[in-house]
Amino acid sequence: MNLNKIAYTALVAFGAAIATLVISHGLSGTRAGATEPPRAAPISREELARHNSRDSCWKAIDGKVYDITAYIPDHPSREEVVLAWCGKDASEGWHNKRPGVAHSGAASRLLSGYLIGELEDAAPPPPAAPAPSQAGPAAAGRPDGRLLLGLAPGTYLDGRYRGSFLDRGEMQVGMQFDLRDGRLTALEYRHLAYGGIDYLTLAEDAPLYPVTRQYRQVADYLTGKPLHQIFDLYQPEQVVTDLDGYTGASLRTSKVISAIRDGLNRGVYQWPRE
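*Asks:* Would you mind going over the overall build of the protein chain with me for this structure?
*Replies:* A count of helical and extended segments in the protein chain gives nine helices and nine strands. Burial status across the protein chain gives 34% buried among its 274 residues. Long-range pairs, those at least 24 residues apart, make up 60% of the contacts in the protein chain between residues at least 6 apart in sequence. Carbon and sulfur atoms make up 56% of the accessible area of the protein chain, which totals about 16400 Å².

*Asks:* Would you explain the environment of Pro210 in this entry?
*Replies:* Turning to its location among the elements, Pro210 is positioned in helix α7 (residues 209-222). For Pro210, a relative accessible area of 12% puts it in the buried group. A C-alpha to C-alpha distance of 9.3 Å links Pro210 and Ser77, two positions 133 residues apart in sequence.

*Asks:* Can you walk me through helix α5 (residues 105-112) in this structure?
*Replies:* Since there are 3.6 residues in each turn of an α-helix, residues three or four apart along the chain are aligned in direction. Along α5, the residues classified as buried are Ala106, Ala107 and Leu111. Buried residues along α5 cover an arc of 140° about the axis, so they all sit on one side. The elements touched by buried residues of α5 are β2 (58-61), β3 (64-67), α4 (91-95) and β5 (115-119).

*Asks:* Help me understand the pairing of β3 in this model?
*Replies:* Along any regular strand, the residues point their side chains to alternate faces of the sheet. Note: β2 against β3, four bridges, orientation antiparallel. Bridge assignment links Trp58 to a residue of β3, and that residue is Asp67. Connecting the antiparallel pair β2 and β3 is a turn made up of two residues, with Asp62 showing a positive phi of about 50°. As paired elements, β3 and β5 share three bridges and run antiparallel to each other. Note that in β5 the partner of Lys64 across the bridge is Glu118.

*Asks:* Any chance you could explain the state of the cysteines here in plain terms?
*Replies:* Each disulfide consists of a covalent bond between the sulfur atoms of two cysteine residues. Inspection of every chain in the model, using the stated rule, returns one disulfide. Bridging Cys57 to Cys86, the disulfide has an S-S length of 2.0 Å. On the sign convention where negative means left-handed, the S-S torsion of about -95° between Cys57 and Cys86 marks this disulfide as left-handed. Here Cys57, found in the loop between α2 (45-50) and β2, pairs with Cys86, found in the loop between α3 (79-83) and β4 (88-89); they are 29 residues apart in sequence, far enough to count as distant.

*Asks:* Is there a simple way to explain the nonpolar core in this structure?
*Replies:* Here is a general trend for soluble globular proteins: nonpolar side chains tend to be buried in one another's company. Tyr189, Leu222 and Ile260 are the most contacted members of the largest nonpolar core, which totals 29 residues. Counting residues per element, this core draws most heavily on α7, at six residues. Discounting chain neighbours no more than four positions away, the residues touching Leu222 are Leu184, Leu187, Gln229, Ile230, Leu233 and Ile260. By size, the runner-up hydrophobic cluster in this structure holds 11 residues, among which are Ile61, Tyr66, Cys86 and Leu111.

*Asks:* Whenever I open this one, the packing of α7 against helix α9 (residues 253-266) confuses me. Can you help?
*Replies:* Each pair of packed helices can be described by the angle between their axes along with the distance between the axes. Their axes nearest at 11 Å, the elements α7 and α9 cross at an angle of 50°. The orientation of α7 with respect to α9, classified from their angle, is oblique. The two elements α7 and α9 cross, and the hand of that crossing is right-handed. Across the interface between the two elements, Tyr215, Val218 and Leu222 of α7 pack against Thr253, Lys255, Val256 and Ile260 of α9. For the contact of α7 with α9, the residue count by class is five nonpolar, one polar and one charged.

*Asks:* I keep staring at the side chain of Lys255 and nothing clicks. Help me out?
*Replies:* In this fold, Lys255 is placed in helix α9. Asp167 provides the closest opposite charge to the buried, unpaired Lys255, separated from it by 6.6 Å. Of the polar contacts made by the side chain of Lys255, one reaches the side chain of Gln172; its length is 2.5 Å. Among residues more than four places away in sequence, those in contact with Lys255 are Phe165, Gln172, Val173, Tyr194 and Tyr215.

*Asks:* I would appreciate a short explanation of unusual backbone geometry in the present structure.
*Replies:* Look at Asp62: it is not a glycine, yet its phi comes out positive at around 50°. Relative to the elements of secondary structure, Asp62 occurs in the loop between β2 and β3. Look at Asp62 and you get partly exposed, because its relative accessible area is 22%. At Asp181, a residue that is not glycine, the phi angle is positive and equals roughly 55°. Assignment of secondary structure puts Asp181 in the loop between β7 (170-180) and β8 (183-194).

Conventions we followed
- Residues numbered from 1 in each chain as written.
- Predicted model: local features only at pLDDT ≥ 70, side-chain atom pairs only at ≥ 80, totals over all residues.
- Heavy atoms only, no water.
- Helix = DSSP H or I, 4+ residues; strand = E, 2+ residues; numbered from the N terminus.
- Buried < 20%, exposed > 50% of the residue type's maximum accessible area, 1.4 Å probe, protein only.
- Contact = heavy atoms within 4.5 Å.
- Areas by Shrake-Rupley, 256 points an atom, 1.4 Å probe, with all protein chains shown as cover.
- Arc of directions from axis to C-beta.
- Pairing = 2+ DSSP bridges.
- Disulfide = S-S within 2.5 Å.
- Core = buried A, V, L, I, M, F, W, Y, C linked by side-chain atoms within 4.5 Å.
- Axes fitted to C-alpha atoms, helices over the stretch in contact; angles between N-to-C directions.
- Parallel < 35°, antiparallel > 145°, perpendicular 65-115°, else oblique.
- Left-handed = near helix turned anticlockwise from the far one by under 90°.
- Nonpolar A, V, L, I, M, F, W, Y, C, P; charged D, E, K, R; others polar.
- Lys, Arg positive; Asp, Glu negative; His and termini not counted.
- Salt bridge = Lys/Arg side-chain N within 4 Å of Asp/Glu carboxyl O.
- Polar contact = N/O pair within 3.5 Å; in protein donor to acceptor, adjacent residues only side chain to side chain.

Shown next, in the form of C-alpha cells:
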C-alpha cells in the first residue's frame, strides 16, 4: 500500500471516530433533557414588586411566581381582594382564604396554568396536606363512600334518572342524570332555587350568579365519576373553584347529593337507547 492510500485510510478513520463522538454526545444530551424538566426562570423580589397593578399582576406562592393579570376579570371575589396581593408573596393569603382553610384543589390546578418562574431566595413550601381519599375511611371518621351509598357499585341499572331535594314544601334542587356502567353522565339542573330566587335564570352580572356557576362546577366535577363519589361533595372546597365565604353560605352541595339519591330511589326514568 502506498503512502497516499495509507493517509486516506487514516483520514477516513479519524472522521468516523469524530462523527461517532458527536452523535453519542447528542444522544446522551437528548436522554438527559428527557428526564430533567426545564427549570422555571428565577425572578427577584424587586422584579416581582414592579408588577403590582391591574395591568400587570404577579404574585408569589410557595416560592413560585404567577402572572394572573388575565385571570383578574374572571376571579369570583371582588377585584380589590385580588389586587391587594399583586407584586407580593401571597402564600399566606392562598393558604388561608378563610381562617385555616386553603384554596381548593381545583383552584390550585387553575393557578398552575399561570406559572412564569421561581422566586429567588424563597423559603421552602409547607408540606402538602394529604388529599381526601374515597378508598378507605375518610376524614373526621366518615365511612367509605361505597358504604354510604348503601349498595355495591353496579347495583343501579343503566338509564336516565330524575330526582329532587325539597325542604318545607319548596323544591330547591331538581336534577337529571344518566348512569352508564356505574358512572354519572349528562348531569343537568332542572330546578335550582332558594328563597324565591331562581338561580338558573340569573344573568352573569347578578350578585348571586357565582352560586349558579359553582353549582355547575359541581355537575362538571361529577361527570364521568363513579357513583360513590357524590360524597366528595361533602367537602365542596375540594370540588369548586374559589369557594369563598360569600358564596359558601349559599352553596349547599348536600342538596345535590340528596337529589341524586332521590333519583336513584325512584328508579330508572328512561331506559338508554340502543
